[in-house]
Amino acid sequence: MSRIREHHRLLVMIGLVTSVQIGALMVGTSVSAQTAEGWEIEFTGGFGDLTTAMIWSLAEFDGSLYAGTHSVGGCRVLARGTYPSRSAWGVLVSDGWGDASNLAATSMEEFTYTLVNPITALYVGTLNHTDGGEIWQYNQGVWYPFNAAGFGDSSNYMITALEAFADKLFAGTANSTTGAEIWNFSGITWYSAMTGGFGNSANSRISSLETFNGKLYASTLEPGGGEIWESPDGFNWSRAIPDVLLDDSGSIGVNALASAGGALYALVDGLNGLRVWQIAPGTPIQDSTSGFGDSLNDTNGTMVSFGDELYVGTQNMATGAQIWRLRGGTWTKENTNGFIDSYNSVALAMAVFDDRLVVGTINTAEGAELWRLPVILADGFESGGFQGWDLAAP
């Protein structure tokens, strides 16, 4: 177990693959031949680069789907339009904005602020062990650097989460030296909203930021069990749930937060696998069995909501990533392990785009892959039993 966990941590945090940059602005059409019991793949082979092993972030912005990758030669950001109007992906960033130290595009968020006129843009955070994590703004086809690297401290080596809340853009960091930090931008400059890992330097990473019922929630990674904090304004923080609920000697903390169906959920790593907790409103309760019955569903995972449904993506280094859906109080497994490929070891990123659920994987052998569910939550539609997934292309 420890070898599997350490292997994944090294892949994600350091990068054990090399990058081959692609010179063309378009990277071809989606692949339609490979299927997995009703699932079909949108893209295989790391967007044309077999050494791009990770799709780390996904987001919808201005009618397009954006994907951020991990590449040792510098991260890439790609985009495509709604289905079926465009089948090709455009490469917007191919080399970490000219800095190979920007290894990964780790977080994405749309945010609007007003100076004279409203400015709506996409913001992308990076992993940069050299200078500190960066934030880039994409507005009307142009990229702009949007923060001082690491907010002036190279120990803030990654922008782990971005969230629009209370007319501000909040950014969470990873900092293994003094503890994770949270910063906010309101339209003029960046201000510190939290430093020192909420008073505990072992809280080394803000794993997620989520808005729920008028509050901003933040989760952390901490050996032995992470923490969840809440704030009505982004500056004054208090513990959202007691330590004892999340403490686990085999845990590295809380992986993700997401709201669905009027509730806030936390995805927590544990000795016996990932667990989903409903943490608000009311008394926190564990909402899933550990690892969904498989202890190897562990260490890392992600969540996204679509309507009243909650989707969870897991890491499983043995048999491949799994996708689980919570609907009406019932959990349903929504894919075959790894989409019939155990090298798809982690469902690292998920997003809803054009009424479809899109999943990006880590695949260190064959390049990252992107899968999609074409139509969900339509009247009378049932997606259980691995049905309804198909190619994200015309």
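Within any chain, residue numbers begin from 1 and follow the written order of that chain's sequence. Whole-chain, interface and lining totals are the exception, using all residues; otherwise, since this is a predicted model, local features are given only for residues with pLDDT of at least 70 and side-chain atom pairs are given and counted only at 80 or more. Calculation of side-chain values draws on the structure's entire complement of heavy atoms; hydrogens and water are dropped beforehand.

Considering the pattern of salt bridges
The rule for a salt bridge is simple: a side-chain nitrogen of Lys or Arg has to be within 4 Å of a carboxyl oxygen of Asp or Glu. Tallied over the entire structure, the rule returns eight salt bridges. One salt bridge connects arginine 80 with glutamate 42, and the closest N-O pair in it is separated by 3.5 Å. Of this pair, arginine 80 sits in strand β6 (residues 77-80) while glutamate 42 sits in strand β3 (residues 39-43), and the two are 38 residues apart along the sequence. The class of arginine 80 is buried, set by a relative accessible area of 0%. Here glutamate 42 falls in the buried class, since its relative accessible area comes to 0%. Among the ionic pairs, arginine 239 bridges to glutamate 227, the shortest N-O distance being 3.7 Å. Highlighted residues: arginine 239 in strand β19 (residues 238-239) and glutamate 227 in the loop between β17 (215-221) and β18 (228-231), separated in sequence by 12 residues. Judged by relative accessible area, arginine 239 falls into the partly exposed class, the value being 30%. Partly exposed residues are those whose accessible area sits between 20% and 50% of the maximum for their type, while under 20% is buried and over 50% is exposed, using a 1.4 Å probe and protein chains only. Judged by its relative accessible area of 6%, glutamate 227 falls in the buried class. Strands here are runs of E lasting at least two residues and helices are runs of H or I lasting at least four, both read from the DSSP assignment and numbered beginning at the N terminus.

As for a negative patch on the surface
Residues enter patches when they are more than 30% accessible in relative terms and free of salt bridges; like-charged ones are connected within 9 Å and nonpolar ones (Val, Leu, Ile, Met, Phe, Trp, Tyr) within 5 Å. Note on areas: these come from Shrake-Rupley sampling with a 1.4 Å probe, and a residue is covered only by the protein chains present in the view. Charge assignment in this entry is limited to Lys and Arg as positive and Asp and Glu as negative, and neither His nor the chain termini are counted. Taken as the charge location is NZ of Lys, CZ of Arg, CG of Asp or CD of Glu. A contiguous patch of negative charge on the surface is contributed by Glu60, Asp62, Glu110 and Asp355. Residue position: glutamate 110 is located in strand β8 (residues 104-114). Relative accessible area serves as the criterion here: at 38%, glutamate 110 is assigned to the partly exposed category.

Comments concerning the environment of glutamate 42
Separated by 316 residues in the primary sequence, glutamate 42 and valine 358 have C-alpha atoms spaced 9.1 Å apart. By the criterion applied in these results, polar contacts are pairs of N or O atoms within 3.5 Å in which, for protein atoms, one can donate a hydrogen and the other can accept it, and in which residues neighboring in sequence qualify only through two side-chain atoms. Among the polar contacts made by the side chain of glutamate 42, one reaches the side chain of tryptophan 89 at a distance of 2.9 Å.

Some details on the pairing of strand β15 (residues 190-194)
Note: two strands are recorded as paired if DSSP finds a minimum of 2 bridges between them. Taken together, the four bridges between strand β14 (residues 182-185) and β15 define a ladder with antiparallel strand orientation. Across the sheet, the residue bridging to isoleucine 182 is methionine 194, located in β15.

Looking at the sheet that holds strand β25 (residues 309-314)
The antiparallel open sheet is built from four strands, whose spatial order is β24-β25-β26-β27. Each edge of the open sheet is held by one strand with a lone partner, namely β24 (301-306) and β27 (330-333). Taking each pair of neighbouring strands and ignoring which way they run, the sheet shows an average axis angle of 20°. Geometry is summarised by axes, namely lines fitted to C-alpha atoms with helices restricted to the contacting stretch, and by angles between N-to-C directions that run from 0 to 180 degrees.

Overview of unusual backbone geometry
The step from alanine 280 to proline 281 runs through a cis peptide bond, and the omega angle for that step is -5°. Counting through the fold element by element, proline 281 comes out in the loop between β22 (275-280) and β23 (285-286). Here asparagine 213, not a glycine, exhibits a phi torsion of approximately 50°, which is positive. Note on placement: asparagine 213 falls in the loop between β16 (205-212) and β17. For phenylalanine 339, which is not glycine, the phi dihedral falls at a positive 55°. Structurally, phenylalanine 339 is set in the loop between β27 and β28 (344-353). Its relative accessible area of 4% is what places phenylalanine 339 among the buried residues.

A short note on the packing of aromatic side chains
A ring pair, where both rings are aromatic, is described by two values, the distance of the centres and the angle of the planes. Here the aromatic set is Phe, Tyr and Trp, taking the six-membered ring for Trp, and pairing holds for ring centres within 6.5 Å; pairs whose planes are under 30 degrees apart are stacked, those over 60 apart are edge-to-face, and all others are tilted. Counted under the stated rule, the structure contains 24 aromatic pairs. Between phenylalanine 198 and tryptophan 237 the ring centres are 5.4 Å apart and the planes differ by 70°, which places this aromatic pair in the edge-to-face class. Separated by 39 residues along the polypeptide, phenylalanine 198 in helix α3 (residues 196-199) and tryptophan 237 in the loop between β18 and β19 bring together distant segments of the chain. According to the relative accessible area criterion, phenylalanine 198 is buried, its value standing at 12%. For tryptophan 237, a relative accessible area of 16% gives the class buried. Here the aromatic residues Phe111, Tyr113, Tyr123, Phe146, Phe151, Trp183, Phe185 and Trp190 are joined through ring pairs into a cluster of three or more.

A closer look at the environment of leucine 169
Residue position: leucine 169 is located in strand β13 (residues 168-174). Separated by 17 residues in the primary sequence, leucine 169 and serine 186 have C-alpha atoms spaced 6.5 Å apart. Here, residues are in contact when the closest pair of their heavy atoms is within 4.5 Å. For leucine 169, the residues in contact, after removing those within four places along its chain, are Glu109, Phe111, Tyr123, Leu162, Glu163, Ala164, Trp183, Asn184, Phe185 and Trp190.

Observations concerning the sheet that holds strand β20 (residues 254-260)
With antiparallel pairing, the four strands of this open sheet are ordered in space as β20-β21-β22-β23. Edge positions in the open sheet fall to β20 and β23, since each of these has one partner strand only.

Some remarks on the pairing of β6
Neither face of β6 is exposed, since Val77 and Ala79 on one face and Leu78 and Arg80 on the opposite face are all buried. As defined by bridge partners, strand β5 (residues 64-70) adjoins β6 across four bridges and the pair is classed as antiparallel. Within the sheet, the bridge partner assigned to tyrosine 66 lies in β6 and is alanine 79. Connecting β5 to the next strand, β6, in antiparallel fashion are six residues, including glycine 74 with a positive phi near 120°.

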